[in-house]
Amino acid sequence: MLAPSLAPAVAPTAPDGTRLPWLDLAGDADAPAVVLPGRVVRRGELRALVDSAARHLAGTRRLVLVAMDNRLEALVAYLAALREGHAVLVTPGDRPDTRDALRAAWDPDVEVAPDGTVLVHRDAPATDLHPDLALLLSTSGSTGSPKLVRLSWDNVAANAEQIAGFLQIRESDCAVTSLPLHYCYGLSVLHSHLARGASIALTDLSVVDPCFWDLARAAGATSFAGVPWTFEMLERSGFADLDLPTLRYVTQAGGRLDPDRVRHWAELGRARGWDLFVMYGQTEATARMAYLPPDLATTHAGAIGRPVPGGEFEIEDGELVYTGPNVMLGYATTAADLALGRTVSRLRTGDLGRRRPDGLYEVTGRSSRHVKVLGHRVDLDVVEQRLRAGGRDVRVAGREGLVAVTVRDCGDQGAVRRAVSDLAHVPFGGVRVVEVSDHPMLPGGKVDQRGIVALAEAGLDKPQGSPDSLVPRSDSVERLYAVTLHRDRVPHDATFASLGGDSLSYVEVSLRLESLIGDLPAAWHVTPVARLQELADAAARGTSRPAGEGTGDATTRTASGLGGPDGRLARALRRRTVETSVWLRALAILLIVGTHADLFSLQGTAHALLVLVGYNVARFALTAPQRRDRLTALARGLVRVVAPTLAVVVPAHVVWGYYEPRNLFLANWVFGEERLGPPWRFWFIEAIVLALVVAIALTAVPAVARVERRWPFGLPVALTLAAFTVRLELFELPVPRMQGSALVVLFLFFLGWAIARVSSPRERWVATAGAVLLVGTFSGNPARDALSLAVVLALVWWPTTRVPSGLVPLVQVLAASSLFVYVIHWQVLEHLWGKPLLAFLGSMAAGVAYWVAWTRVLPWAGGKLSTPDRKRGGALSVPAPTVVG
């Protein structure tokens, strides 16, 4: 270690030119620099924006706090502050608590808000700043630790060049921002691309949001970066099936990815034409220290690779020690440290490692008191100190992916778990609390860190909480899923689909989840619980609430009067986001029953509902990675449709003489007559059953599964066109060719499947054209076909809709009960013909009552059809398929 440099701080003579020349944004002014949804900021425009922002930051070199997030204003402010030669303290723009803690600890001279607003506290620095100091980043990621990493201009320049070199970044490249820019990994992507004159596609959308990939395609993105958590979400959301023709490489860092997953992603990339770079780094090394060349990813998946250009590793007492031009100046714990020069020349990583015979390096363990949980680096000492300062007798340990806590006399484990989650800013599922009479200790009197982790791991298959709270807190995603999906245990990496969710529970869960989170991610049903809990926690803190769901609503409620009629009206008129497929189901069942009861005549929605069935089956039942799980899901869905239907049809035939024997087998479409009558009343159910049987048959063929992975949109489009030929009367059919025949309407199911797989504007237009040509001309009745087409196009173009919150409970009940209403309404109509309004209301009431009885009362029905998998000790982790209900 070098002696501290105590040279007096002076302003740099050339704050922007010689040290970070790429801050000039020189080069082709018309070249793209930042791609936004619907806008391209070219290099010349970005330079002008930075120039303008720099004028507000001109003057003496000072400490500037930049609240950084993935928006253009924050990016411009960050570049302007660096170009003016200031020392920049980067803090998350979406975490006011972290920003407040850093402000209190470091007293910045200037603050820049995420929207670019500049707040000048003083015109001269409150403390001396060493001329080499460029960046200050939190060493503990999101824990808000006051200890900062001091990075120099040379650190930033060197690591940007190192990364750009081994990734071979070109001027034509474009990286989409899949990570926050306040995170050192995200910043390194920005710096390395600026260094090569390349561009970035700027967004804060999640990788499970289809709009993220729409932007990536529109920008011609050639790369994106991910932490292990990113890859978990990608795997669950169908990334392998996306069409990304310009993608050149993918990088992974931020924590260890299991070797089998490294091999999986490397093989996928090889098959799809892109490379996987596994990287290793720390904030203390500016970002990256090592990388694994893509050609070694499948054969050396457990290695971190070789040092970045200009860097080298040594092994001292089993610990990896790194040297290179990107090693930090040192840490800062007080304002006086900002005047120090270099105090560190060799970085002790805190990771245990070895050099393998092939010359590659491998991390074998962790020696320090930091762990990474879902990409977040957590300082266990900081968490423990703050908990103990709050009066809790705790000891905190951890490993990759888990913060483990033992606590004495806690009273409420849930409260301790929430406190840890809030302090560490990690998802609820990444924390485990164990109540003990004595903390685990080693013979020498030190805390047994491994013992704490072992206790936590031993309880992972048990529910957390006190005896009064055996499931997580009432406002947690885990609790919501446990109650609505009838699960004793909800793992933090589980998803709605993997827990057996289907459209029967989808409506209720989505609406309850929206009350915790606000606007839901487009792919929330395949988003892990831990990530949803992060969003819920952010919404509760008021840091990430969508418009209309945060403090504005609170103001409205207060102004209106919570208890009075004006307040109730305001709450009812406040809008909430509801999936279009949900309210379409509610509307469709109203129109179907109203038409059958002769209250009005609006035909066509039953055909559109078959499209919704295909849409939801593709989203839920066909998302499991294993073919066996998809088959199980489809089979369970078949039972969920057939059972409540036959529970009505069988007694109606046997006891009261309704229908024909063929209806008992839901086979009227095969053996029925070519004329309408009571036996055709269940054509819609027969169509769903045939569609699920066909889906099971297709899924059982391995070759079909391979085709779907290769052409996720093309396969259902081809199936739609093939099934539609039945309608064209090109050949004779051995079954009746009726508009309600299950075989004739099968194409509608496949069309819904195709709509669910839309992942680009081109595919959306193809789906639109298919709907117009096939649905818009299906029956020959213009009014009927127009209504069917309107429903389908709403599904294609508007996946979500804002509706008055007062209607949401009604929509929820109608959509969830629609299957049961359809099944039983014919029997109600038999007794109320000629009384349209009474027949309509009676049918709806009977159907809702049937739904309640089937799903909430009968112990073997509804959610309880998902039986525990005793071999794994938990619920079957496969998605139950959806039905129209």
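In what follows, the structure referred to is the one given above.
Nothing here was measured: the structure is a model prediction, and the numbers come from that model.

> Outline the packing of helix 25 (residues 761-775) against helix 26 (residues 782-797), supporting the account with residue identities and numerical values.
Between helix 25 and helix 26, the shortest axis-to-axis distance is 10 Å and the interhelical angle comes to 170 degrees. Here helix 25 is positioned roughly antiparallel relative to helix 26, judged by the angle of their axes. When helix 25 is examined against helix 26, the residues Arg 764, Trp 765, Thr 768, Ala 771, Val 772 and Val 775 are found in contact with a partner set consisting of Asp 785, Ser 788, Leu 789, Val 792, Leu 793, Val 796 and Trp 797. Residues of the contact of helix 25 with helix 26, tallied by class, amount to 9 nonpolar, 2 polar and 2 charged.

> Please give an account of unusual backbone geometry that cites residues and values.
Not every positive phi belongs to a glycine, and Asp 107 is a case in point at roughly 45 degrees. With respect to the secondary-structure elements, Asp 107 resides in the loop between helix 3 (96-106) and strand 5 (110-112). The exposure class assigned to Asp 107 is partly exposed, which follows from its relative accessible area of 40%. Non-glycine residue Thr 286 carries a positive phi angle of around 70 degrees.

> Hey, could you go over the packing of helix 1 (residues 43-56) against helix 2 (residues 72-83) for me, with residue numbers and the actual values?
At a minimum axis distance of 8 Å, the contact between helix 1 and helix 2 shows a crossing angle of 65 degrees. Taken together, the axes of helix 1 and helix 2 lie roughly perpendicular to each other. As for how helix 1 packs across helix 2, the hand of that crossing is right-handed. Along the contact surface, helix 1 presents Leu 46, Arg 47, Leu 49, Val 50, Asp 51, Ala 53 and Ala 54, while helix 2 presents Leu 72, Val 76, Leu 79, Ala 80 and Arg 83. The class makeup of the residues in the contact of helix 1 with helix 2 is 9 nonpolar, no polar and 3 charged.

> Describe in detail empty space enclosed by the protein, supporting the description with residues and values.
A full pass over the atoms with the stated rule returns 7 cavities of 30 Å³ or more. Approximately 90 Å³ is the volume attributed to the largest cavity. Lining the largest cavity are 14 residues; nearest its centre among them are Leu 167, Val 189, His 193, Ala 225 and Thr 251. Among the elements that take part in the lining of the largest cavity, helix 5 (residues 184-195) stands out by supplying 5 residues, more than any other. Split into classes, the residues belonging to the lining of the largest cavity amount to 9 nonpolar, 5 polar and no charged.

> Residue-level account of the pattern of salt bridges, with values.
Applying the stated criterion across every chain, the model contains 27 salt bridges. Close ionic contact of Glu 457 with Arg 399 constitutes a salt bridge, the shortest N to O distance being 2.5 Å. With Glu 457 in helix 11 (residues 449-458) and Arg 399 in strand 23 (residues 393-399), the pair connects residues that are 58 residues apart, well separated along the chain. According to the relative accessible area criterion, Glu 457 is partly exposed, its value standing at 34%. Salt bridges linked by common partners bring Glu 314, Glu 316, Glu 319, Arg 346 and Arg 348 together as one network.

> Requested: an account of a nonpolar patch on the surface, with residues and values cited.
Together, Val 650, Val 654, Val 655 and Trp 656 make up an exposed nonpolar region whose accessible area comes to about 430 Å². Summarising the element assignment, Trp 656 is placed in the loop between helix 19 (627-654) and helix 20 (668-671).

> Could you give an account of the packing of aromatic side chains, with specific residues and numbers?
For any pair of aromatic rings, the description consists of the separation of the ring centres together with the inter-plane angle of the planes. A complete count under the given rule lists 26 aromatic pairs for this structure. For the pair Phe 166 and Phe 277, a centre-to-centre distance of 6.4 Å together with 40 degrees between the ring planes defines the contact as tilted. Within this pair, whereas Phe 166 is found in helix 4 (residues 153-167), its partner Phe 277 is found in strand 13 (residues 275-281), the two being separated by 111 residues in sequence. Both residues of the pair, Phe 166 and Phe 277, belong to the buried class. Taken together, the ring pairs connect Phe 212, Trp 213, Phe 224, Phe 231, Phe 239, Trp 265 and Trp 274 into an aromatic cluster.

How each quantity is defined
- Residues numbered from 1 in each chain as written.
- Predicted model: local features only at pLDDT ≥ 70, side-chain atom pairs only at ≥ 80, totals over all residues.
- Heavy atoms only, no water.
- Axes fitted to C-alpha atoms, helices over the stretch in contact; angles between N-to-C directions.
- Helix = DSSP H or I, 4+ residues; strand = E, 2+ residues; numbered from the N terminus.
- Parallel < 35°, antiparallel > 145°, perpendicular 65-115°, else oblique.
- Contact = heavy atoms within 4.5 Å.
- Nonpolar A, V, L, I, M, F, W, Y, C, P; charged D, E, K, R; others polar.
- Buried < 20%, exposed > 50% of the residue type's maximum accessible area, 1.4 Å probe, protein only.
- Left-handed = near helix turned anticlockwise from the far one by under 90°.
- 1 Å grid on protein atoms, 1.4 Å probe; cavity = no way out; pocket = protein on both sides within 12 Å on 5 of 7 lines; lining within 4 Å.
- Points joined across faces, edges and corners; volume = space filled by probe spheres on them.
- Salt bridge = Lys/Arg side-chain N within 4 Å of Asp/Glu carboxyl O.
- Patch = residues over 30% accessible without salt bridge, like charges linked within 9 Å, V, L, I, M, F, W, Y side chains within 5 Å.
- Areas by Shrake-Rupley, 256 points an atom, 1.4 Å probe, with all protein chains shown as cover.
- Phe/Tyr/Trp six-rings, centres within 6.5 Å; stacked < 30°, edge-to-face > 60°.

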